[in-house]
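Here's the letter readout for the chains.
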Amino acid sequence: MKGIVGRKLGMTQVFDSETGAMTAVTVIQAGPCPVVQVKTVDTDGYDAVQLAFGPVEERKLAKGEIGHLAKAEVAPHRHLVEMRGPSGLSVGETVTVEEFEPGEPVKVSGLSVGKGFQGTIKRHGFTRGPVTHGSHNVRGPGSIGASAYPSRVFKGTRMAGRMGNARVTQPGLVVHEIDTERNLLLIRGSVPGPKRGIVEVRSAQ
């Protein structure tokens, strides 16, 4: 398992110097991420590595977080992310963008953009009703259940509610370019989440 934590900065375009072809990329400021904890099957029941991201002042963390980071001799960081799978890393090492190579397939996880409370048309793609002959069901959801049986609404019925702000993993992405001096990953394609959102970049294998 190969992975790193970063912050989505936004999207831009990269042009090939020879052909002039344009590629849409997402810029991610990834790492450096110190290893805080390594979990194994023998001690924890599964393999995983815990990475820290985003240096922050000590006063902004809880005492438990400060102690957990101090145990690994890691400076205070805002975010702790656990990535499952055998990694071959040890506590105290630092993961940087140099772990990845241009052309390497990756998958990126993050919280999607929150869209607030939305109706069934936008949230689930329902078709609207007719707008003629005095119809009152223009953007309404329609019937949500029968009256006689079951005399209730089934759980999981698609209705209006909060949309977005959910964890999404986007597979099929490719590392286009790496900037080791500025800790930047240029990912070919779009990545879930808003600008400055926290994302996790993992190898596709």
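Preceding block: the structure.
Residues numbered from 1 in each chain as written. Predicted model: local features only at pLDDT ≥ 70, side-chain atom pairs only at ≥ 80, totals over all residues. Heavy atoms only, no water.

Caption draft 1: A look at the sheet that holds strand E11 (residues 184-188). One closed barrel accounts for six strands, arranged E1-E2-E11-E10-E7-E12; its pairing is antiparallel. Averaged over all adjacent pairs, the angle separating strand axes in this sheet is 50°, with direction ignored. Both strand E1 (residues 3-15) and strand E2 (residues 22-30) contribute to a ladder of nine bridges, which runs antiparallel. Of the residues in E2, the one forming a bridge with Gly 10 is Val 27. (Pairing = 2+ DSSP bridges. Helix = DSSP H or I, 4+ residues; strand = E, 2+ residues; numbered from the N terminus. Axes fitted to C-alpha atoms, helices over the stretch in contact; angles between N-to-C directions.)

Caption draft 2: Just the side chain of Glu 200, in detail. By secondary structure assignment, the location of Glu 200 is in strand E12 (residues 198-203). What makes Glu 200 buried here is its relative accessible area of 12%. Among all residues touching Glu 200, those that are not within four sequence positions of it are Ile 4, Val 81, Met 83, Lys 107, Val 108, Ser 109 and Arg 167. (Buried < 20%, exposed > 50% of the residue type's maximum accessible area, 1.4 Å probe, protein only. Contact = heavy atoms within 4.5 Å.)

Caption draft 3: Molecular detail of a nonpolar patch on the surface. There is a patch of nonpolar side chains on the surface, built from Ile 144, Val 153 and Met 159 and spanning about 200 Å² of accessible area. The exposure class of Ile 144 is partly exposed, given its relative accessible area of 35%. (Patch = residues over 30% accessible without salt bridge, like charges linked within 9 Å, V, L, I, M, F, W, Y side chains within 5 Å. Areas by Shrake-Rupley, 256 points an atom, 1.4 Å probe, with all protein chains shown as cover. Salt bridge = Lys/Arg side-chain N within 4 Å of Asp/Glu carboxyl O.)

Caption draft 4: Looking closely at unusual backbone geometry. Between Gly 31 and Pro 32 the backbone carries a cis peptide bond, its omega angle lying at -5°. Mapped onto the elements of the fold, Pro 32 is located in the loop between E2 and strand E3 (33-39). In the segment running from Tyr 149 into Pro 150, the intervening peptide bond is cis, with an omega of 10°. Positionally, Pro 150 belongs in the loop between helix H3 (120-124) and strand E9 (161-163). Positioned with a positive phi, Glu 73 is a non-glycine residue whose angle comes to about 60°. The topology assignment puts Glu 73 in the loop between helix H2 (63-71) and strand E5 (77-84).

Caption draft 5: Geometry of the packing of aromatic side chains. Inspection of the entire model under this criterion finds zero aromatic pairs. Sitting over the face of the ring of Phe 100, Lys 2 holds its NZ or CZ atom 5.8 Å from the ring centroid. If you follow Arg 84 out to its NZ or CZ, it ends over the ring of Tyr 46, 3.9 Å from the centre. (Phe/Tyr/Trp six-rings, centres within 6.5 Å; stacked < 30°, edge-to-face > 60°. Lys NZ or Arg CZ within 6 Å of the ring centre and 35° of its normal.)

As far as function goes, none of this settles anything; it's purely spatial.
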